[in-house]
Amino acid sequence: MIPIFFLATLCLEVVSAAPTHNPSFDAVWQEWKTKHGKTYHMSEEGQKRAVWENNMKMIELHNQDYLQGKHGFSLEMNAFGDLTNIEFRELMTGFQSMGPKEQNLFQEPLLGDVPKSVDWRDHGYVAPVKNQGPCGSCWAFSAVGSLVGQMFRKTGKLVPLSEQNLVDCSWSQGNHGCDGGLPEFAFQYVKDNGGLDTSMSYPYEALNGTCRYNPENSAANVKGFVTLPSSEATLMKAVASVGPISVGIDTKHNSFQFYRAGVYYEPECSSTRLDHAVLVVGYGEELDGRKYWLVKNSWGKYWGLNGYIKMAKDRNNHCGIATEASYPIV
């Protein structure tokens, strides 16, 4: 069985109890705290500053190599700068591998040639980027993204759906709220429950709450779901013919935490140790020939490419993007 998550080793240098700071970073540190609304108790500021400095140094070194052509993507300091990689993963991921394998098999379309590029944002299938906050509910955002797309395909209406409804109410299907879950379990809940509320009627709170589902506010239903075989070629056909697809990926790397732009390729990425659920909304190819998956994240619009990342495509199932992919039938 694939481990659930939190299994990567610590990627950052261990910070000593009495860290020393680089004075040249003082102004940047103050600017960063102001920008992201960060305030600390005196007892913790030194430790947070030391973690932030380590991350700054790592980002600067990476970007120096990027400018020399050693990487295909750049990094930037963001709101997660005061978190070690392990702290970050504990707060911001939450994908549990090895879920149910639904019997509904993907029927490959008779497309002929699959389109060279797809972006479902251009066709109205994709709602704005959201932020899961300090809650391991990525699975709910991934599931909602795929369900919103399929409901749009069916009705022509883009209606944001409630992640909090899933966080609070899908425990009996196998999810654990802010402690992790699976898109497939979320689809099963909507099927069993007979609906899912809108996000306006059941807003997101980033914590585990009491189930408050109201059928009068439901705007979606699910008949079943399809789990795709572990194949990038099949994932490509599904994205081209179905719409946005829920996937699990490996994000246990500083390079993912601080991704800014470019096609993400991390040599240490695993195709089996998945820890985060996201939404594939398309794919394409850069001018230099590098192929990518266009992926919607749930860490807010100030992360990456306005909340998105381009992940390396057709490079041996990089980061496991095709390992556990699924979508609902509506």
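Structure: above.
So, how was this worked out
Residues numbered from 1 in each chain as written. Predicted model: local features only at pLDDT ≥ 70, side-chain atom pairs only at ≥ 80, totals over all residues. Heavy atoms only, no water. Helix = DSSP H or I, 4+ residues; strand = E, 2+ residues; numbered from the N terminus. Contact = heavy atoms within 4.5 Å. Areas by Shrake-Rupley, 256 points an atom, 1.4 Å probe, with all protein chains shown as cover. Salt bridge = Lys/Arg side-chain N within 4 Å of Asp/Glu carboxyl O. Buried < 20%, exposed > 50% of the residue type's maximum accessible area, 1.4 Å probe, protein only. Arc of directions from axis to C-beta. Core = buried A, V, L, I, M, F, W, Y, C linked by side-chain atoms within 4.5 Å. Expected span 1.5 Å × (residues − 1).

Points about the overall build of the chain
The helix and strand inventory of the chain stands at eight helices and 11 strands. A sequence separation of at least 24 residues applies to 76% of the contacts in the chain between residues at least 6 apart. In the form shown here, the chain has an accessible surface area of approximately 14,700 Å², with 53% of it arising from carbon and sulfur atoms.

Observations concerning the pattern of salt bridges
The final tally for this structure, using the stated rule, is 15 salt bridges. For Arg49, the salt bridge is made with Glu53, and the minimal N-O distance between the two is 2.8 Å. Of this pair, Arg49 and Glu53 both sit in helix 2 (residues 42–67), four residues apart, roughly one helical turn. With relative accessibility at 3%, the residue Glu53 sits in the buried group. Arg260 serves as the salt-bridge partner of Glu76, at 3.5 Å between the closest nitrogen and oxygen. Taken together, the positions of Glu76 in the loop between strand 1 (73–75) and helix 3 (85–92) and Arg260 in strand 7 (residues 259–264) put the pair 184 residues apart, joining distant regions of the chain. Of the residues examined, Glu76 reaches a relative accessible area of 24% and is grouped as partly exposed. Arg260 sits in the partly exposed class, given a relative accessible area of 31%.

Considering helix 1 (residues 26–35)
Within the span of helix 1, buried status applies to Trp29, Trp32 and Lys33. Across the axial projection of helix 1, the buried residues extend over an arc of 100°, all falling on one side. Of the exposed residues in helix 1, those oriented more than 90 degrees away from the buried face are Ala27, Glu31, Thr34 and Lys35. Turning to helix 1, the residues buried within the fold contact helix 2.

What about the environment of Ala206?
Locating Ala206 in the fold gives a position in the loop between strand 3 (196–197) and strand 4 (218–220). For Ala206 and Gly136, which are 70 residues apart along the polypeptide, the C-alpha to C-alpha distance reads 8.5 Å. Excluding anything up to four places from it in sequence, Ala206 contacts Gln132, Pro134, Cys135, Gln164 and Cys178.

Comments concerning the nonpolar core
In summary, soluble globular proteins display a tendency toward joint burial of nonpolar side chains. With 55 residues, the main nonpolar core has Leu235, Val239, Ile245, Val247, Trp293, Met311 and Ile321 as its most contacted residues. If sequence neighbours within four positions are ignored, Leu235 has contacts with Leu228, Ile245, Val247, Trp293, Ile321, Ala322 and Ala325. Listed in part, the 24 residues of the second largest apolar core include Cys138, Tyr189, Tyr213 and Phe225.

Topic: helix 2
An ideal rise of 1.5 Å per residue puts 38 Å on 26 residues; helix 2 measures up with 38 Å between its terminal C-alpha atoms. Taken residue by residue, helix 2 has Lys48, Arg49, Ala50, Val51, Trp52, Glu53, Asn54, Asn55, Met56, Ile59, His62 and Asn63 as its buried positions. Looking one or two residues beyond helix 2, the residue adopting positive phi is Gly69, at roughly 85°.

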